[in-house]
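Take a look at the letters that make up each chain.
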Amino acid sequence: MTSIKSMQYAVREVGGKWERETAEHILKYREKYGTDSQEYKNIKDTFYCYGCYLNWKELYEKEPTKKDIPLLNHFNMSRTGGTHFRIRGSAKNRGKNDHGQGCRFKDPVGYLKRVSGNFKFMDVDPKGIINVSILKKKQKKSKKNNRFVADNPGHIGIQRTQTFGALQEIYNCFGEAWIELAIRTEDNKNVKVKDLMFASFQALEESQNHEGKIHIITGKVTKVESRNKGGYINIIFKKEKKLSSPPFTLSVSPNYIYNEDDLKCLENRQIGCYGRVSYNKNFIQMELFSLQNQIVFLDLKEGERCPFTVPSINYERLKMVIDECLESYGAVTSAANDKKFLYYLEKKEDIPLLKEKIKQTIVERDGLAQEKKYRKEEKEKSIIKKEMLIKQLNNKKNDLVSIRSSLEEQNSIMQRLFKIIRRSEEIKLLRSKETIIEKEVMNIKQDYYYISNEIVEIENSIKHVDISNLNLQEKVDETLGEINSIERGFNIEETWREHLKREPGYMYHNTSKNYWISVNFTKSVSNSEIVQVTCVFQLHDKEHSFRISPQTAEIIKFYLRPNDEIVYETARIELVRSLKRLNFSSKKKLIYQS
């Protein structure tokens, strides 16, 4: 677009310092003293371009002199409405008295392109078209600067004021000349701002002819009504007496963060609102979801701060969302009474008795260890005896073999024929020895079998001791496990009770999943305007609902920020995501209302 000729602002050098001046203020000065008065003549040649002044400071990081920026004339257009400044001289003869390169009034689009990075929902494409995306609410989170200014950062209870959104900043920059700016709306239509602007009394005709079309509806707000039964807040514009149609209304859905008090700043103000107009026989309205991005104050006074503050998150509305969401997943509200959860606190009194039981078992186990030691020693002795018996048995068997060999020789045919008389005594002696050794072999075998059986019995007794020792160790482990379970359960139970003590806090119960659920809201440590929502999901015993399972609770935390217009919907989405992760199943379709 071409340069903006009519400007609402100028700068004057007063006492060696540059001060911003408004056309409206100079008009009142002229009306007070007169255009031909000496008072006005003293200042009429002191108005310089505000845009060039700011651009010079940005480029050179110092204040300009009067020679560095162009001189302006003030025009009284009160007969036709309005007043403004313009460059002195015509385009042909103004010479060097012209806007500098980069001045916002010489090249509005170039200026907006440079500053668009500071604003959400506005950018300038390479062709110089200003793209507005205010109504695209489901877009990705912006990485641009958040436009907050803290009166007292981090101090709980101190409200924080917002700075203006893109539309208001454009209006503040160019004043009434903003209507000449060309923009591309969310409908991909290239229009000038003036093509979108309609007074509130014209909204009926426009909505009937162009349902859902994007407009900037202007007018004076008379009242911000209380939230109705459906959860909506209606903002009523001044009605023209001659019109029978209902007054134009801005409607704030319960999905959005605003409370009535957040919107009171609109009462008795001349505003414009950017959005889509809808109509039926009962109302003509536009949805309002963002004060910062949709609203333009057209009656803003010089130096006036942003009239609205960052909205606060309402705990009652937030609880309604939590209640409805958890109810849809089978959980019901329950009184947050930490006194009911005392099972492990009482069981903790059994720990000294359990420890004494462990001591006694250990003493018994030590006795078994001594018995096992004794049995092993007995076994070693018996093995030595067995080995000695084996040796003796082998020796006797060898003797027996020798005797029997001698007997065989004596019984040969030749000996019987020739020496029968002489050898008979020797045979008797050998027979006697054979008998004695056979008895000795039999006795040794009996001792061997006895010792072998004794060793088996000792081994069995050692195994029995080992089994008994193992059983005792299992008892010790079982008792230690019981103690650990009590101590772990006590710590978890104590942590659970601490969650229930926090204010504001709420408790819910899901019988099908055996879960207790604790929800509480706290202020963020880093920023008191941010609310931390903590949801604790604690399992309990199937048969005893007030007996906490000794398993660590699932804790889900998420943060809600007051610059999130759909903060209550965000809370619902975060909670549903957590419930699904814990395998909760929805029992009914969730209809969101806050």
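Everything that follows concerns the structure shown earlier in this document.
To start, this report covers the structure provided alongside it.

Parameters at a glance
Residues numbered from 1 in each chain as written. Predicted model: local features only at pLDDT ≥ 70, side-chain atom pairs only at ≥ 80, totals over all residues. Heavy atoms only, no water. Helix = DSSP H or I, 4+ residues; strand = E, 2+ residues; numbered from the N terminus. Buried < 20%, exposed > 50% of the residue type's maximum accessible area, 1.4 Å probe, protein only. Areas by Shrake-Rupley, 256 points an atom, 1.4 Å probe, with all protein chains shown as cover. Contact = heavy atoms within 4.5 Å. Phe/Tyr/Trp six-rings, centres within 6.5 Å; stacked < 30°, edge-to-face > 60°. Disulfide = S-S within 2.5 Å. Pairing = 2+ DSSP bridges. Axes fitted to C-alpha atoms, helices over the stretch in contact; angles between N-to-C directions. Left-handed = near helix turned anticlockwise from the far one by under 90°. Nonpolar A, V, L, I, M, F, W, Y, C, P; charged D, E, K, R; others polar. Salt bridge = Lys/Arg side-chain N within 4 Å of Asp/Glu carboxyl O. Expected span 1.5 Å × (residues − 1). Polar contact = N/O pair within 3.5 Å; in protein donor to acceptor, adjacent residues only side chain to side chain.

**Quick look at the overall build of the protein chain**
When helices and strands are tallied, the protein chain shows 15 helices and 23 strands. Relative to its full complement of 594 residues, the protein chain shows a buried share of 42%. For the protein chain, the exposed surface amounts to about 34000 Å²; the carbon and sulfur share of it is 49%.

**Here's the deal with unusual backbone geometry**
Cis geometry is adopted by the peptide bond preceding P504, which originates at E503 and carries an omega value of -10 degrees. Of note, P504 is situated in the loop between α14 (420-501) and β20 (505-510). For E61, which is not a glycine, the phi torsion comes out positive at approximately 55 degrees. On the secondary structure map, E61 appears in the loop between α3 (50-60) and β4 (72-76). What makes E61 exposed here is its relative accessible area of 74%. The backbone of N514 shows a phi angle near 60 degrees, a positive value even though the residue is not glycine. The exposure class assigned to N514 is buried, which follows from its relative accessible area of 16%.

**Points about the environment of R581**
Position of R581 relative to the elements: it lies in helix α15 (residues 567-581). For R581, a relative accessible area of 52% gives the class exposed. Among residues more than four places away in sequence, those in contact with R581 are E554 and I556.

**Let's talk about the packing of aromatic side chains**
In total, this model carries 21 aromatic pairs according to the counting rule given. Arranged with centres 5.9 Å apart and planes meeting at 40 degrees, the rings of Y256 and F289 form a pair that is tilted. With Y256 in the loop between β15 (248-252) and α8 (260-263) and F289 in the loop between β17 (283-287) and α9 (291-294), this pair connects stretches of sequence that are 33 residues apart. Judged by its relative accessible area of 6%, Y256 is buried. Residue class for F289 comes out buried when judged on its relative accessible area of 5%. Measuring from ring centre to ring centre gives 5.7 Å for Y448 and Y449, while their planes differ by 70 degrees; the resulting arrangement is edge-to-face. Here Y448 falls in the partly exposed class, since its relative accessible area comes to 23%.

**What about the state of the cysteines?**
Here, the word disulfide means a covalent bond between the sulfur atoms of two cysteines. Summed over all chains, the structure comprises 0 disulfides. Cysteine C52 shares no disulfide, and the gap to the nearest cysteine sulfur, in C49, comes to 3.6 Å. Judged by its relative accessible area of 6%, C52 is buried.

**Thoughts on the sheet that holds strand β11 (residues 190-192)**
If you trace the 4 strands from one edge of the open sheet to the other, you get β6-β7-β10-β11, paired in mixed fashion. Of all strands in the sheet, those bounded by a partner on one side alone are β6 (122-124) and β11. Across the sheet, the mean angle from the axis of one strand to that of its neighbour is 35 degrees, orientation sign disregarded.

**Thoughts on the packing of helix α10 (residues 315-328) against α15**
Two numbers describe how α10 lies on α15: the axes approach to 10 Å, and their chain directions differ by 35 degrees. The chirality of how α10 crosses α15 is right-handed. For the pair formed by α10 and α15, the contact residues are R317, L318, V321, I322, C325 and L326 on the first element and Y568, A571, R572, L575, V576 and L579 on the second. Here the residues of the contact of α10 with α15 sort into 10 nonpolar, no polar and 2 charged.

**Focus: the sheet that holds strand β21 (residues 515-523)**
With antiparallel pairing, the 5 strands of this open sheet are ordered in space as β19-β20-β21-β22-β23. Taken across any chain shown, the strands that pair with only one partner, and hence form the sheet edges, are β19 (332-334) and β23 (554-560). Direction aside, the axes of adjacent strands within the sheet are offset by 25 degrees on average. Docked against the sheet, α10 engages β19, β20, β21, β22 (531-539) and β23, running at close to 160 degrees with respect to β21.

**A few points about the pattern of salt bridges**
Applying the stated criterion to the full structure yields 22 salt bridges. Here K194 and E180 are joined by a salt bridge, their closest N and O atoms 3.5 Å apart. Remark: E180 occurs in the loop between α5 (166-174) and β10 (182-184) and K194 occurs in helix α6 (residues 193-196); sequence separation between them is 14 residues. You can call E180 partly exposed: its relative accessible area is 28%. K379 is paired through a salt bridge with E459; the nearest N and O atoms lie 3.0 Å apart. One end of the pair, K379, is in helix α12 (residues 351-410); the other, E459, is in helix α14, and 80 residues separate them in sequence. A residue is classified by how much of its surface remains accessible, and E459, at 31% relative accessible area, is partly exposed. Salt bridges sharing common partners tie together E180, K192 and K194.

**Structural notes on the environment of I517**
Relative to the elements of secondary structure, I517 occurs in strand β21. Take I517: its relative accessible area is 1%, and that puts it in the buried class. Once the C-alpha coordinates of I517 and L500 are considered, the two residues, 17 residues apart in sequence, prove to be 9.6 Å apart. Leave out the neighbours within four places in its chain, and I517 touches L326, A331, W496, Y506, M507, Y508, V536 and F537.

**With respect to α10**
Its 14 residues give α10 an end-to-end C-alpha distance of 20 Å, which sits within 8% of 20 Å, the value for a rise of 1.5 Å per residue. Taken together, the buried positions of α10 are R317, L318, K319, V321, I322, C325, L326 and S328. In this structure, the buried residues of α10 make contact with β20, β21, β22, β23 and α15. The residue sitting at the N-terminus of α10 and contributing the capping side-chain oxygen is N314; that oxygen lies 2.9 Å from the backbone nitrogen of E316.

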